[in-house]
Amino acid sequence: MTYSDIVVARENRVGVITIDRPQSNNSVRAETMDEIRHAVETLTEDVEVGALVLTAAGKHFVTGAEFGFLQQLATTPALTVKDQVYRSFQGAARALYHCPKPTLAAISGAAVTVGCELALMCDFRIASETAFFQESWIKLGLLPPLGGMMLLPRLVGLGPATDMVLRGRPMGAEEALRLGLVVEVVAAADLPARRQAFAEELTQAAPHAWAAAKLGLHRGLESTMEQEWAANVLAQAMLIGSEDFKEGLDAVMNKRPPAFAGR
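First things first, this report covers the structure right here in the doc. (Residues numbered from 1 in each chain as written. Predicted model: local features only at pLDDT ≥ 70, side-chain atom pairs only at ≥ 80, totals over all residues. Heavy atoms only, no water.)

1. Regarding the pairing of strand β2 (residues 14-19)
Part 1: Across the 6 residues of β2, 6 count as buried, placing the element largely inside the fold.
Part 2: Because side chains alternate across β2, one face comprises the buried residues Val14, Val16 and Thr18, and the other comprises Gly15, Ile17 and Ile19, equally buried.
Part 3: In terms of strand pairing, strand β1 (residues 6-11) meets β2 through 6 bridges, oriented antiparallel. Looking at β2, one finds that Val7 is bridged to Thr18.
Part 4: The turn joining β1 and β2, which pair antiparallel and follow one another in sequence, is formed by 2 residues; a positive phi near 60 degrees is taken by Asn12.
Part 5: For β2 and strand β3 (residues 51-56), the ladder comprises 6 bridges, and the chain directions are parallel. When the sheet's bridge partners are listed, Val16 is paired in β3 with Val53. (Buried < 20%, exposed > 50% of the residue type's maximum accessible area, 1.4 Å probe, protein only. Helix = DSSP H or I, 4+ residues; strand = E, 2+ residues; numbered from the N terminus. Pairing = 2+ DSSP bridges.)

Right under this line is the structure:
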């Protein structure tokens, strides 16, 4: 696939997806989301990639959907929106959320509507001091359709999430850090280096254990303790039989860093 709205690169074992639409201030369209989905799927299949980063060039992460695209939506039949448009938008969100590898969003400036939702789909978020998050769909007479209404209350609490969704209130970087929406806030100039270091740290995780634990966390949002006990004991039994467990145990016992191989 030839990319026009994003840039995809590999930096050591980190796959980096950079949204790059300066002509529209990093607003997105269906094609952008298709490219993000394709890039996530490609990097997930690449055995040389241990972690993924979603970031953006320029001042802002994602300023929302492109206005021209939104104007087209206003005259698009509802079934077309449901079956075609949101196949692209939810496709990118699903690919990030279900990616079995570690995912990190690195955010500067605005992460508005679609941008906020994409960031939420990642395992971790780090932000520059200029970053802010805004689920301002309500101002367009819409709702967050890509997963934010489920994940936001679990990350920041029902009160702040309600404020963001129903009033469209923006949340700045420091508040996001205090409430757990992001794990770090750094100076804007330091964000590229910090997100690379953070992502390289994530590549050291045992791949199978990471994927199983991530799946368990996601499943736990919707299931019961009994279901989780049953599912997790099976996953744990399989992990205990892996070469990575033997390597991890030996590394802990000998006080050295592990070298997991995904076996």
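2. Concerning the side chain of Thr103
Part 1: Of note, Thr103 is situated in strand β4 (residues 103-107).
Part 2: Using a relative accessible area of 1% as the deciding quantity, one classes Thr103 as buried.
Part 3: Setting aside anything within four residues of it in sequence, one finds Thr103 in contact with Leu52, Leu96, Met121, Cys122, Asp123, Phe124 and Lys214. (Contact = heavy atoms within 4.5 Å.)

3. Topic: a nonpolar patch on the surface
Part 1: Judged by side-chain polarity, Ile240, Phe245, Leu249 and Met253 come together as a nonpolar surface patch covering roughly 410 Å² of accessible area.
Part 2: Element by element, the count of residues in the nonpolar patch is highest for helix α11 (residues 243-253), at 3 residues.
Part 3: Relative to the helices and strands, Phe245 resides in helix α11.
Part 4: What makes Phe245 partly exposed here is its relative accessible area of 39%. (Patch = residues over 30% accessible without salt bridge, like charges linked within 9 Å, V, L, I, M, F, W, Y side chains within 5 Å. Areas by Shrake-Rupley, 256 points an atom, 1.4 Å probe, with all protein chains shown as cover. Salt bridge = Lys/Arg side-chain N within 4 Å of Asp/Glu carboxyl O.)

4. A closer look at the packing of aromatic side chains
Part 1: All chains considered together, the criterion is met by 4 aromatic pairs.
Part 2: Consider the rings of Phe124 and Trp210, whose centres lie 6.2 Å apart with planes at 55 degrees: the pair is tilted. In this pair, Phe124 is assigned in strand β6 (residues 124-128) and Trp210 in helix α9 (residues 207-220), connecting sequence segments 86 residues apart.
Part 3: Since its relative accessible area comes to 24%, Phe124 is described here as partly exposed.
Part 4: Of the aromatic side chains, those joined through ring pairs into one cluster are Phe69, Tyr86 and Phe89. (Phe/Tyr/Trp six-rings, centres within 6.5 Å; stacked < 30°, edge-to-face > 60°.)

5. A word on the pattern of salt bridges
Once the charged atoms of two side chains with opposite charge are near each other, the side chains can pair.
Part 1: Following the criterion strictly, the structure yields 15 salt bridges and no others.
Part 2: For the salt bridge of Arg10 with Asp46, the shortest nitrogen-to-oxygen distance reads 3.4 Å. Taken together, the residues Arg10 in strand β1 and Asp46 in the loop between α1 (30-45) and β3 connect sequence positions 36 residues apart.
Part 3: Among the residues examined, Arg10 registers a relative accessible area of 46% and is labelled partly exposed.
Part 4: The class of Asp46 is partly exposed, set by a relative accessible area of 24%.

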